[in-house]
Amino acid sequence: MAASRRRQRGAALLLLLAMTSVGAAALLVSALNHDTTQLHRTQQTLARMAQARDALVGFAAANGRLPRPATSALDGHEAPAPCATEQDCTGFLPWVTLGVDGADAWGKLLRYSVTPAYTQAPVLRISTVATKTVQDRGADGELFFRTGQSSCDPGAQCAPLVLLSHGRSNFGVSVQGVAQANTDAGNIDEQANASASVHFIGRAASGNPNAPGGAFDDLVLSVPLDTLYKQMAAAHRLP
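Fair warning: this is a prediction, and the values are worked out from it, not measured in the lab.

Draft legend 1. Quick peek at the environment of serine 174. Among the secondary structure elements, serine 174 is positioned in the loop between strand 5 (161-165) and helix 3 (188-195). Residue serine 174 is classed as buried on the basis of its relative accessible area, which comes to 8%. Separated by 67 residues in the primary sequence, serine 174 and glycine 107 place their C-alpha atoms 5.7 Å from one another.

Draft legend 2. Layout of the packing of aromatic side chains. All told, the structure shown has 1 aromatic pair when counted by the stated rule. Residues tyrosine 118 and tyrosine 229 carry aromatic rings whose centres are separated by 6.3 Å and whose planes lie at 35° to one another, so their mutual orientation is tilted. Residue tyrosine 118 is located in the loop between strand 2 (111-114) and strand 3 (133-137), and its partner tyrosine 229 is located in helix 4 (residues 225-234); the two are separated by 111 residues in the primary sequence. Tyrosine 229 gets classed as buried once you look at its relative accessible area, which sits at 7%. Against the face of tyrosine 229 rests arginine 125, its NZ or CZ located 5.4 Å from the ring centre.

Criteria and thresholds
- Residues numbered from 1 in each chain as written.
- Predicted model: local features only at pLDDT ≥ 70, side-chain atom pairs only at ≥ 80, totals over all residues.
- Heavy atoms only, no water.
- Helix = DSSP H or I, 4+ residues; strand = E, 2+ residues; numbered from the N terminus.
- Buried < 20%, exposed > 50% of the residue type's maximum accessible area, 1.4 Å probe, protein only.
- Phe/Tyr/Trp six-rings, centres within 6.5 Å; stacked < 30°, edge-to-face > 60°.
- Lys NZ or Arg CZ within 6 Å of the ring centre and 35° of its normal.

So yeah, pure geometry; function would need other evidence.
Below, the structure written as structure tokens:
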């Protein structure tokens, strides 16, 4: 009788261990699937941003200038009125005008910021100044310039445009035109990008709120001025 009870307790213990192992495995698979999904969406977004970059350069080669931002979150045509300020020239990618996907893989519209002078033809190579910068964070957590520098001028150019995805979490506007909330408090780099029109931050993703600059999942892409000029010159669109 005692031996039977011991066998029953042993069987129950084995069943409990098996159930615990299955639960742990399910959680691990779920976490791995989540990571894989997010990685896929990141890669998909970067591919869309690269396609948009190529379309922007192609537009400049055909028209002698870069396009203005989209009319609105629901109208992807280039805004009809000139954008004379950095703020006016910061908005959404004009996806209809360019013929590309205007959203990232999380369903948020890609942001687009362009130096005003580059939206007007002809672009004068010797005097037009590209104004956009992108900063990163070094191993010490301090910001440094990855694109451009603190002062942009004809002898030390910055970038003519920047593309931005706000990533999965925080900020951005959905394809339905709904603004997404910020649910973090210490994500100062993401907050900076949300209001930026000249100086942007592009760094490694981090879910650690205590990392320098806070949690971060934005994706930032700029176009080197030399690349833009090379394509425009090849199309005879530079004076």
